[in-house]
Every structure is written in structure tokens, then in C-alpha cells.
Amino acid sequence: MNKNILILALFLTAFTAAGQVKKKSTGNHPNVIYIMADDLGYGDLSCYGATKIHTPNMDKLAASGIRFTNGHCTSATCTPSRYALMTGEYPWRKKGTGILPGDAALIIPTDRTTLPNMFKKAGYKTAIVGKWHLGLGDAVAKDWNGEVKPGPNEVGFDYSFIFPATADRVPTVFLENHKIVALEANDPIAVDYTKKIGDDPTGKEHPELLKLKSSPGQGHDGTIVNGIGRIGYMSGGKLARWVDEEVSSTFLAKAEGFMEKNQKEPFFLYLALTEPHVPRMPATRFKGKSGLGLRGDVILQLDWTVGEIMKQLKYLGLDKNTIVIFSSDNGPVLDDGYEDEAVAKLNGHMPAGPMRGGKYSALEGGTRVPFIISWPGKIKPKVSDALVSQIDVLASFSAFLKQPVPAGDAKDSENLIAAFLGKSDQGRSVYVEQGGALAIVKDGWKYIMPNKGAAYDKLVGIETGNSLEPQLYNLNKDVGEKHNIAVQHPEKVKELDELLNQVKEKK
């Protein structure tokens, strides 16, 4: 009898201890969801001052946490800013990190610390759902009909459901882990970015087949899929090709499924949505609802999707133990390849808010984007002017989760967890922004190095920030970069130019 009582006591002690460990682990390891919008500008949300469009779900998220007014991606285009988020390294340090074609090889190192494998080492289940655009496989030439790897799974994601590049590039298919979804063996896929392949009509040859016309000179006149011309050419995979109107809801369903499956253990979900990137073709329920054309409609779709994610968290009882981060991969663009009335129906809306520039630009509109962090009950609602960046997410959560980053990895990422959790208003003091030119910001002073490129990109209608002359702005007084004061402050230009070179030479 005494023996049985002893065994029972030992069992109960072990059970209680296990429960305590589990409870402690959950409390110290909240779920983290990083939601990345695509080409969303600082002024595209009503919580950031938009008056021509209303984004209630984003407003609610911002009101529940920290809305950063000086939050940045590293670069004014998508591939490099996503590279920085994943690696904690400025993308301009590595060749081949510009906007990738749809058949590019993987550019994320598989043998170094990445954002997902850092979470994985901390005991998290990790997933990416959405746009990847960081390359797949070891080379451009690849067999799309077998296992396509290395890719997201090899850099730290337990689960991946992606499209390879962007919605306007072939192949227009979903990949789940290493394989194309719904691919039939008797209809293999081939992809080429140099010449037409297969018998599919192209936008260039058959514009009469398009339901969304391509803008001249931007290359969106390749293979037609779902009535829309794409960049590049593909053949085969008829059943596997997506329908644009269903892409967003498909990503949402996969994200919700991952959350539900992993609700009893900590998870990291990178939800990389496609809105408002071109081609803008929202679900029917959102078409015509914004009054700002298809671009406004897909922003409403984006807002609804974020709301659905928050509902799922609440339904699963995870809302109080989940950190949600929302941002955009770069600034806004209106005409980026299709005649979708984004310009004609702008209606006074200011996608970049008070900033000059946008996507492709070294001006603030290129990298200053919406940046919101919410953790109900843990983060007190506030507006923060701290300079923070997506590149710092890796080092910040590494410190938060006590997962040291090996020397040499994530070398440009700074620990800003105090700012991210609202415990400090101190962010970065020095930051490098990448547009056509490189720019450096220190204590509110911004220097854009001289660059030979055109000052205005006529194809997309955006100021690039390029100039043969040095540019200096005091962002504390002139966030719109209206007054170049380089001539008045030659000593500040010299200081920042030298500092930028020091950062560039950092090993």
C-alpha cells in the first residue's frame, strides 16, 4: 500500500512539474505572427491618416498596440527588404539581391541564422504562407515537376505554402513545401524568362484576350493566365494555375489551418500577403467597394484578411498570447504594370502620406511604411516615434527568446525589443535606406549619396531620390524632404558620407 502511495505521489509530482514547465514555456514563448503587405504605403491605412479609404481592422490592430511613425523596411523594393527580414543583413552587402525573376535560385543562406530557424531553435513550429520571392533551388534551371528545393523549408520553415515570386510573374502556381499543388503528371510545367515556350497566348500577341490590360513598356505581356498577362513565359500545369480572385482567401485558409493545428505549442507564422501588389484582382465581394479603383479594393481585402486572422486567434483562445507584427515590404506604387485605374481613381488619396517618393525610391516614401506591433495585455497602446526596422526583428526576438546569434550572422540587426514591446522610445540612431541610391539616417539627419540615375521614373511616376548632388534633409523638421540643406551644412554631409562608408565596409 505504501509502495502504491509512493508511486502515485511521484506520478502526481512529475505531472505537476510537467504542467508547470509547459505553462512556463507558453508564457515565455508567445506565438508570433508577422504579416507582410506588398507595396502598401505609409498613407494607405486610415490609422496612418488616410481619409479616402477606411481600414477598420488595421485601425483596431493599431489601437491595441504600438503604431510606429518611423518604421522601415530596408529597401524600396521587395526582394531585398524580404532578404533583410530573413537574414538580419543589409541586402546591398550581397550581390544578386535585387528584384528576382520567377525562376531565380535561392538567395537565403541555408547554413546561417535566419528568422525562422532562430524561432525553430527556440522550440517554435514555423511556417510561411504567401509570397516568397527569394528564389528556389540551386540554379535558375530547375525541374518544376518534382521536388523544388532548397527553399523556405531549408532555411527554417517547418511548413511552407507559397507562390514562387510575385503574382505578376510566372509560374503562377502554389507550392506546398517542395511540390506544386494540383500538378498533373501528364501536363508538366516549363518556365522561361528569355523566350516564349508552349502554345499559350501572350499579352503581346493577343491583347484582346486580356481582362486587365498591361501598361506599355513594363513587360507584363508574357503568358496570359486568368486573363492577365505576366512577366515571363510558361507552359503546362493548366490545373495547377491559380485564379487571382482566390489567392488571398487561399493564403488565409492555409494560415488559419496552421494556427489551429499548432495551437497547443508556440508557433511563428510569416504571412506574406500579396496586396496591393499588381495585378490587382480582388475577390468579387471587394470589387468597386473602395471608390479608389482596384488598388483601393485590394487594400480593403487586405484589411479584411487581417481581421480574419485576429478572429481566428480569438476563436482559438490565442489572442492574449500572440504578438502580431504588421508591416509592408516597401512603399507604394500606382501604375506598376497594368492599366487598373489606380492613377485615374486616386481621388485625392495619398499612398505615401506626407512623404516624397515611393517604391523604387531612396526618398522616405520608399522605406517608411506602416509598422504595427500588438500583444494584448502585454503591450500598452501607444504611438511611437522610435526609428525601427524589419531588419531588427531577428536580433530583437533572439534576445527576447534567449537564443544567441552566432558571431557573423545577422550582423546588421539590432536588439530593439524594448522599443518593440513599448518599454522604450529609443530606436536606432543610425540606419541605411536603399532605393536607387543608398541613404543614411542619423539622429533625424538624412543624407542621400549622389547617384547617376534618373531623378524621376516616368514608367511608374515616382521620384527616385537620385541626384548628382549630395542631398541632406532634417527629417525632424522636414519629413517630406522638401528642402535640401546640403549646401548650408557641409560638415554634416561630410560626417554622414564618412559614416555611410564605414557601415558599407563593416565586416
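The structure displayed is predicted, hence computed values, not measured ones. (Residues numbered from 1 in each chain as written. Predicted model: local features only at pLDDT ≥ 70, side-chain atom pairs only at ≥ 80, totals over all residues. Heavy atoms only, no water.)

Trainee: Describe the packing of aromatic side chains, and please don't skip the residues or the numbers.
Mentor: Per the stated rule, a full pass over the model turns up 23 aromatic pairs. Measuring from ring centre to ring centre gives 6.3 Å for Phe161 and Phe251, while their planes differ by 85°; the resulting arrangement is edge-to-face. Of the two residues, Phe161 sits in strand S5 (residues 159-163) while Phe251 sits in helix H5 (residues 244-261), which places them 90 residues apart along the sequence. This pair shows no difference in class: Phe161 is buried, exactly as Phe251 is. Taken together through their ring pairs, the aromatic side chains of Tyr34, Phe119, Tyr124, Trp132, Phe157, Phe268, Tyr270, Trp375, Phe397 and Phe400 make up a single cluster. A cation over an aromatic ring shows up here: Arg67 above the ring of Tyr48, its NZ or CZ 4.9 Å from the ring centre. The aromatic ring of Trp304 is capped on one face by Arg285, whose charged end is 4.7 Å from the ring centroid. (Phe/Tyr/Trp six-rings, centres within 6.5 Å; stacked < 30°, edge-to-face > 60°. Helix = DSSP H or I, 4+ residues; strand = E, 2+ residues; numbered from the N terminus. Buried < 20%, exposed > 50% of the residue type's maximum accessible area, 1.4 Å probe, protein only. Lys NZ or Arg CZ within 6 Å of the ring centre and 35° of its normal.)

Trainee: An account of helix H3 (residues 78-87) is requested, with residue identities and associated values reported.
Mentor: Within H3, 10 of the 10 residues are buried, which leaves it mostly tucked inside the rest of the structure. Along H3, the residues that are buried comprise Cys78, Thr79, Pro80, Ser81, Arg82, Tyr83, Ala84, Leu85, Met86 and Thr87.

Trainee: Can you lay out the pattern of salt bridges for me, pointing to particular residues and giving the numbers?
Mentor: As a working rule, side chains carrying opposite charge can pair if their charged atoms are close by. Summed over all chains, the structure comprises 34 salt bridges. Measuring nitrogen to oxygen at the nearest pair gives 2.8 Å for the salt bridge that ties Arg428 to Asp392. With a gap of 36 residues between them, Arg428 in the loop between helix H9 (417-420) and strand S17 (430-434) and Asp392 in the loop between strand S16 (388-389) and helix H8 (393-400) connect regions that are remote in the sequence. Residue Asp392 is classed as buried on the basis of its relative accessible area, which comes to 0%. Within the structure, one salt-bridge network assembled from shared partners comprises Glu364, Arg368, Glu433, Lys446 and Glu481. (Salt bridge = Lys/Arg side-chain N within 4 Å of Asp/Glu carboxyl O.)

Trainee: Summarise the environment of Pro381; cite the residues concerned and give the values.
Mentor: The residue Pro381 is located in the loop between strand S14 (371-374) and strand S15 (382-384) in this model. A residue is classified by how much of its surface remains accessible, and Pro381, at 52% relative accessible area, is exposed. Distance in space between the C-alpha atoms of Pro381 and Ala63 is 6.1 Å, their sequence separation being 318 residues. Not counting the four nearest positions on each side in its chain, Pro381 is found in contact with Ala63, Ser64 and Gly65. (Contact = heavy atoms within 4.5 Å.)

Trainee: Please set out the nonpolar core residue by residue, giving values where relevant.
Mentor: One recurring pattern in soluble globular proteins: nonpolar side chains tend to sit buried together. Of all hydrophobic cores here, the largest spans 103 residues; its most connected members are Trp132, Leu269, Tyr270 and Phe326. Setting aside anything within four residues of it in sequence, one finds Tyr270 in contact with Tyr34, Met36, Arg82, Leu85, Met86, Ala127, Ile128, Val129 and Phe157. By size, the runner-up hydrophobic cluster in this structure holds 28 residues, among which are Ala84, Ala362, Val432 and Leu499. (Core = buried A, V, L, I, M, F, W, Y, C linked by side-chain atoms within 4.5 Å.)

Trainee: Please provide a residue-by-residue account of helix H2 (residues 56-63), values included.
Mentor: Think of an α-helix as 3.6 residues a turn; residues three or four steps apart then line up on the same face. Three or more residues of H2 are buried, namely Met58, Asp59, Leu61 and Ala62. Along H2, the residues classed as buried sweep out an arc of 160° about the axis, all on the same side. Away from the buried face of H2 by more than 90 degrees, exposed residues Lys60 and Ala63 are located. For H2, the secondary structure elements touched by its buried residues are strand S2 (66-68), helix H6 (293-315), strand S13 (322-328) and S14. (Arc of directions from axis to C-beta.)

Trainee: Can you explain the sheet that holds strand S7 (residues 179-180)? Please cite residues and give values.
Mentor: Read across the sheet, 10 strands follow the order S7-S6-S5-S4-S12-S1-S13-S14-S2-S15 without closing on themselves; strand pairing throughout is mixed. The sheet terminates laterally at S7 and S15, the two strands that pair on one side only. Two elements, strand S4 (residues 125-131) and strand S12 (residues 267-272), share six bridges in a ladder whose sense is parallel. Residue Thr126 lies in a different strand from S12, and its bridge partner there is Phe268. (Pairing = 2+ DSSP bridges.)

Trainee: Kindly report on the packing of H5 against H6, identifying the contributing residues and their values.
Mentor: The geometry of H5 relative to H6 is characterised by a closest axis approach of 10 Å and an angle of 15° between their N-to-C directions. Classified by the angle their axes make, H5 and H6 are roughly parallel. As for the relative orientation of H5 and H6, their crossing is right-handed in sense. Residue-level inspection shows Ser248, Leu252, Ala255, Glu256, Met259 and Glu260 of H5 in contact with H6, the latter providing Gln301, Trp304, Thr305, Glu308, Ile309, Gln312 and Leu313. Partitioned by chemical class, the residues of the contact of H5 with H6 number six nonpolar, four polar and three charged. (Axes fitted to C-alpha atoms, helices over the stretch in contact; angles between N-to-C directions. Parallel < 35°, antiparallel > 145°, perpendicular 65-115°, else oblique. Left-handed = near helix turned anticlockwise from the far one by under 90°. Nonpolar A, V, L, I, M, F, W, Y, C, P; charged D, E, K, R; others polar.)

Trainee: An account of the environment of Ala62 is requested, with residue identities and associated values reported.
Mentor: Looking at where Ala62 falls in the secondary structure, it is placed in helix H2. C-alpha of Ala62 to C-alpha of Pro381: the two residues are 319 residues apart in sequence and 7.8 Å apart in space. Among residues more than four places away in sequence, those in contact with Ala62 are Cys47, Arg67 and Ile372.

Trainee: Explain the pairing of S17 to me, and be specific about the residues and the numbers.
Mentor: Counting buried residues along S17, five of its five residues qualify, which places the element largely inside the surrounding structure. Of the two faces of S17, both are covered, the one formed by Val430, Val432 and Gln434 as well as the one formed by Tyr431 and Glu433. Relative to strand S18 (residues 438-442), S17 runs antiparallel, the two being bridged by five bridges. Bridging from a neighbouring strand, Val432 pairs with Ile440 of S18. Here S17 folds back onto S18 in antiparallel fashion, the turn holding three residues.

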